[in-house]
Amino acid sequence: MRLFLFIFSAVLFATSLSGQCPDRDSLWKRIVYLRDSSKVLPEQQLVELLFRLSKEKKCADPFDSAHALLLQRIGWLTSVQKNFTGAVEYTRKSIDIIYTHAGKPAINPNHLVKSYNNLRIFYDSLKRSNLEAEAIDSCISVALNLKTGYEYAVPLIYARTQGLFEAGDYYRCINYAIIGENMSRASDYEVEHIFLYQIWRINSLIFLREFKEAEELLFKAIAEARKTRYTKNLGALYGSMASIAAEKKDVKMALIYSKQAIFYDEQVKNYDGCSATLTNLGFKLYFQQLQQYDIALFYFKKALSYASPFSAVNILDNIANLWIQKGRYDSAFYYFQKAFDIIKPGADEQVLLRTYRSGLLNNNVAEYVFGLVLDKADAFQFKYKRLKKEEDLSTALHIYRVADKLLNEIKSGQSAMQSKLFWRKQARRLYEQAIAAAYLQNNAADAFYFFEKSRAVLLQDQLNEFNKLSNDDILQQAQVKRKIAQLENELNTANLSSRRNIEIQNELGLNSQILDRLEKLIKRRNPLYYQSFMDTSMITLIDVKKEILKDNQSLLELFEGDSAVYSILITSSQTYFNKINKTDFDSTTKIYISYITNQSLINSRFSDYTKTANHLYRLIFRENILPAARLIISPNGYYFPFEALVTNVSNPASPVYFLNDHPVSYTYSARYLLNNFVSNLSSGSLNFMGVAPEQYPAAMNLSALPGSSQSLAHLQAYFIKSDNYIAGKASKGNFMEQFYKYKIIQLYTHAADSSSNKEPVIYFSDSSLYLSELILGKKPFTQLIVLSACETGNGTFYAGEGVFSFNRGFAALGVPSSVTNLWSIDSRATYRLTELFYEQLVKGLPLDIALQKAKLDFINSSEGDNRLPYYWAAPILVGKTDPILLDKPFSWKYPFAALVFAGIIFFGWKKIKNRNASTQLRV
């Protein structure tokens with residue numbers, strides 16, 4: 001019968017259609033009729049539409065919306081026949097027609113939303129998850145761009161929002177939730193979606209500990225729910241209120257909000273919501289804040305009675321932690337295993353890691369999974385401290401390594417930098433506990449692994465990615481990143497209208513998706529894009545001694561934890577692993593910095609300063625034997641200058657500074673020094689670029705910098721292929737467009753470690769450059785940038801990652817070394833010190849030695865107060881110390897000398913020859 005229908009349809013339409021190009025309106029109406037008809041079977045529709053497609057070949061220009069719709073419908077009907085590969089092919093052709101002929105009157109781009117939605121269904125059926133994700137992103141971005149097709153985009157945005165939350169990418173989750181809410185309101189979509197988007201946004205803020213903003217949104221959401229009488233999600237909203245109240249130790253309000261949350265959740269049978277409310281009450285209030293463990297246990301057990309398996313993982317982990325606090329280790333490990341069993345029966349941390357890597361941990365929030373593994377490792381360390389069984393300590397260190405690998409997996413699934421920074425902060429606890437365990441075991445090798453993993457990992461990721469990109473890739477990404485930075489800056493502007501606010505949020509979402517797609521395309525072209533050829537975990541103490549510590553160098557790494565400070569000092573012959581009293585270290589460092597950054601204070605209380613500087617020196621180095629040679633320092637927190645530490649106070653009026661015996665450099669990590677920046681260099685690069693605005697617009701309220709142009713002229717004399725940008729030429733635009741061409745950059749200007757944008761800023765003759773705007777469209781040839789401006793070495797500190805300052809920003813662009821200032825000093829001292837540094841640099845010295853000699857020359861040539869560390873300790877070298885090879889100006893001195901010498905020989909020979917000839921004549 002079905003075969004008869006096929007034949008009948010083919011004959012009918014073969015006779016009914018003329019041999020000419022089908023009428024476009026008739027074609028359109030026929031496609032729509034068939035699409036909406038319940039009488040014509042899909043098989044019949046497919047036969048007719050395929051026949052009509054064959055007739056389209058006779059059209060002179062069939063590429064219009066009718067043709068695109070024809071292909072779209074054929075694609076869908078092909079999928080009904082379970083031919084998903086063919087469905088993809090037809091749908092891709094439909095999409096290509098619209099993009100290829102965009103802008104023509106006969107093309108309606110609105111069809112793209114439906115086509116991409118179809119495409120993601122086909123890829124889902126083909127199990128092509130990567131291509132499905134791309135189709136989803138395209139569907140959302142096209143809907144945002146065209147402001148249509150919201151009925152397809154809204155559910156997709158919701159699924160993406162939920163996925164981002166579960167992956168721990170909280171900042172992108174917030175962005176998607178905002179877009180989804182705006183889109184839902186604009187299209188009068190189901191009111192439920194509006195509240196669900198609000199809940200994802202609020203929960204993300206709570207996980208990020210942004211409680212004030214979360215609470216403000218909660219009050220608005222609850223008021224809207226009551227006004228619209230939509231109570232389905234009131235339980236979730238009150239549960240979040242209870243969670244914030246518990247964080248504040250507000251027992252009364254936490255209990256009131258919890259009761260309301262459970263009341264509303266029970267009404268709609270949202271039992272996971274009830275479980276979450278009770279869990280938060282037990283953990284945040286009674287376990288964490290009040291340490292009332294029996295009450296906490298009561299709420300945990302009550303939460304289990306409501307919980308789904310997904311929710312139970314977190315509850316069982318909390319119960320295990322509770323038994324640890326009570327010293328009941330057998331009970332604790334029993335509950336840990338029950339949590340693992342829910343994820344996979346009989347699983348342990350290794351199985352969980354493999355399962356997470358395979359993407360099979362569906363509906364498990366990344367934070368819960370990571371917390372479970374980390375809590376188990378901590379439990380073994382707590383057990384060791386009580387029972388002193390060495391195997392417990394070894395087990396703890398093993399699980400800490402697994403937790404670190406799990407953290408890498410979580411990080412690799414995120415794109416928003418702020419989300420990655422959040423997870424780096426979460427990792428701080430992991431690294432402190434792991435280092436503490438290694439210290440108890442006197443295991444410097446394992447300790448060094450975690451020291452390295454505790455610093456600048458995201459910077460290393462950026463460099464790994466950056467080195468694998470072509471200049472075209474970098475330019476494409478730069479254009480989108482600049483647009484995102486511009487929109488984010490505008491979003492922070494006061495007095496924005498609500499309409500413009502929504503527009504910016506949507507544009508941000510659109511550009512974030514464009515950036516994601518670019519990165520995915522780059523990744524497809526280069527599978528090694530996201531991989532690290534030399535992962536931090538591969539760097540060992542042996543590697544440091546072999547690859548980094550040359551010329552009798554040493555490396556000092558510090559880890560500043562919440563309860564202790566640890567140091568590892570690695571010399572060519574020894575490794576010293578020490579624990580430093582945190583209270584003493586913090587207070588001494590604070591006093592030291594207060595002296596050294598205040599000219600009048602260090603001058604009036606110089607004796608007290610020398611005692612403090614000597615105490616800090618002994619606190620860090622103890623009795624460890626440090627060779628009188630070059631030292632590399634990798635701090636874990638803010639920088640402070642080691643050069644001004646005092647090693648000998650036998651004569652307080654004339655102390656011996658650390659600088660005397662040690663050229664010092666700083667680095668983000670030991671791994672950073674193994675990056676090969678030489679590949680970025682070019683024989684065609686220029687040598688030197690000097691920048692000095694001298695004067696600034698009145699609105700900036702900045703003092704002039706007289707003498708800066710004269711100092712640049714002095715420096716320029718050392719170089720060929722050099723340019724100075726002075727006064728009006730020292731603009732932000734000129735700097736960003738030109739600096740990548742030069743090996744060495746010298747900046748004389750003003751800067752600040754914070755601004756109205758809450759980020760570091762550098763001032764130019766016309767405008768300001770914020771750290772977030774430091775986006776380059778090409779790989780730089782630059783090997784060194786000297787930031788002779790106040791506080792360029794400071795910025796926002798992110799726990800687990802380091803200080804986000806301008807020197808780090810340039811490092812992320814592939815600039816291996818920078819000299820940066822930690823505080824503001826006298827301009828004349830800055831010019832003099834900088835000139836002395838270049839005097840040594842052009843001799844081909846390593847940069848740390850050049851800076852040491854410059855500082856010593858400055859001290860020896862100065863008088864009175866100018867010899868104080870306040871004047872010379874602010875500039876520090878961060879990054880690689882390799883000498884910079886420069887093009888030398890051609891000198892006529894040696895050719896001229898050779899010519900003179902040749903002339904003397906020639907005339908001497910002529911004279912002797914003439915004398916011999918004269919003698920022969922006389923004979």
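Quick notes on the rules
Residues numbered from 1 in each chain as written. Predicted model: local features only at pLDDT ≥ 70, side-chain atom pairs only at ≥ 80, totals over all residues. Heavy atoms only, no water. Buried < 20%, exposed > 50% of the residue type's maximum accessible area, 1.4 Å probe, protein only. Pairing = 2+ DSSP bridges. Helix = DSSP H or I, 4+ residues; strand = E, 2+ residues; numbered from the N terminus. Salt bridge = Lys/Arg side-chain N within 4 Å of Asp/Glu carboxyl O. Phe/Tyr/Trp six-rings, centres within 6.5 Å; stacked < 30°, edge-to-face > 60°. Lys NZ or Arg CZ within 6 Å of the ring centre and 35° of its normal.

A.B. asks: What am I meant to see in unusual backbone geometry here?
C.D. replies: Negative phi values dominate among residues other than glycine, just as trans dominates among peptide bonds. The phi dihedral of Arg-209 is positive, around 65 degrees, even though this residue is not glycine. For Asn-701, which is not glycine, the phi torsion reads 55 degrees and is therefore positive. Under the relative-accessibility criterion, Asn-701 is labelled exposed at 70%.

A.B. asks: Help me understand the sheet that holds strand 12 (residues 761-763), please; the structure alone is not making it clear to me.
C.D. replies: Strand pairing in a sheet is mediated by backbone hydrogen bonds. Such pairs are either parallel or antiparallel. Spatially, 11-12-13 is the arrangement adopted by the three strands of the open sheet, whose pairing is antiparallel. Whereas interior strands pair on both sides, the edge strands pair on one side only; in this sheet they are strand 11 (751-752) and strand 13 (768-770). Sheet analysis places strand 11 next to strand 12, joined by two bridges and oriented antiparallel. Pairing of Ala-752 across the sheet is with Val-761, part of strand 12.

A.B. asks: Can you help me understand the environment of Glu-391 in this one?
C.D. replies: Its location among the elements puts Glu-391 in helix 20 (residues 390-412). Sequence-wise, Glu-391 and Gln-381 are ten residues apart; in three dimensions their C-alpha atoms are separated by 10.0 Å.

A.B. asks: Would you mind showing me how to read the pattern of salt bridges here?
C.D. replies: Where charged atoms from two side chains of opposite charge come close, those side chains can pair. Counted under the stated rule, the structure contains 27 salt bridges. Glu-247 serves as the salt-bridge partner of Lys-284, at 3.5 Å between the closest nitrogen and oxygen. Placement of Lys-284 in helix 14 (residues 271-289) and of Glu-247 in helix 12 (residues 234-247) is noted, with a sequence separation of 37 residues between them. For the residue pair Lys-284 and Glu-247, the accessibility class agrees, reading buried in each case. Notably, a salt bridge pairs Glu-349 with Lys-376, separated by 2.8 Å at the nearest N-O pair. You can see Glu-349 sitting in helix 18 (residues 349-357) and its partner Lys-376 sitting in helix 19 (residues 366-387), a full 27 residues away along the chain. There is no split in this pair, since Glu-349 and Lys-376 are both buried. Residues participating in the shared-partner salt-bridge network are Arg-30, Glu-48 and Arg-52.

A.B. asks: What should I look at first to understand the packing of aromatic side chains in this one?
C.D. replies: Each aromatic ring pair is described using two quantities: the centre-to-centre distance and the angle formed by the ring planes. Applying the stated criterion across every chain, the model contains 55 aromatic pairs. Arranged with centres 6.0 Å apart and planes meeting at 35 degrees, the rings of Trp-76 and Phe-122 form a pair that is tilted. Of this pair, Trp-76 sits in helix 4 (residues 65-80) while Phe-122 sits in helix 6 (residues 111-125), and the two are 46 residues apart along the sequence. A centroid spacing of 5.5 Å and a plane angle of 20 degrees characterise the contact between Phe-621 and Phe-658, whose relative ring orientation is stacked. Remark: Phe-658 occurs in the loop between strand 6 (656-657) and strand 7 (664-666) and Phe-621 occurs in helix 29 (residues 606-621); sequence separation between them is 37 residues. Taken together, the aromatic side chains of Phe-585, Tyr-592, Tyr-595, Phe-606, Tyr-609, Tyr-617, Phe-621, Tyr-639, Phe-640, Phe-642, Phe-658 and Tyr-666 make up a single cluster linked through ring pairs. Sitting over the face of the ring of Trp-323, Arg-328 holds its NZ or CZ atom 4.4 Å from the ring centroid.

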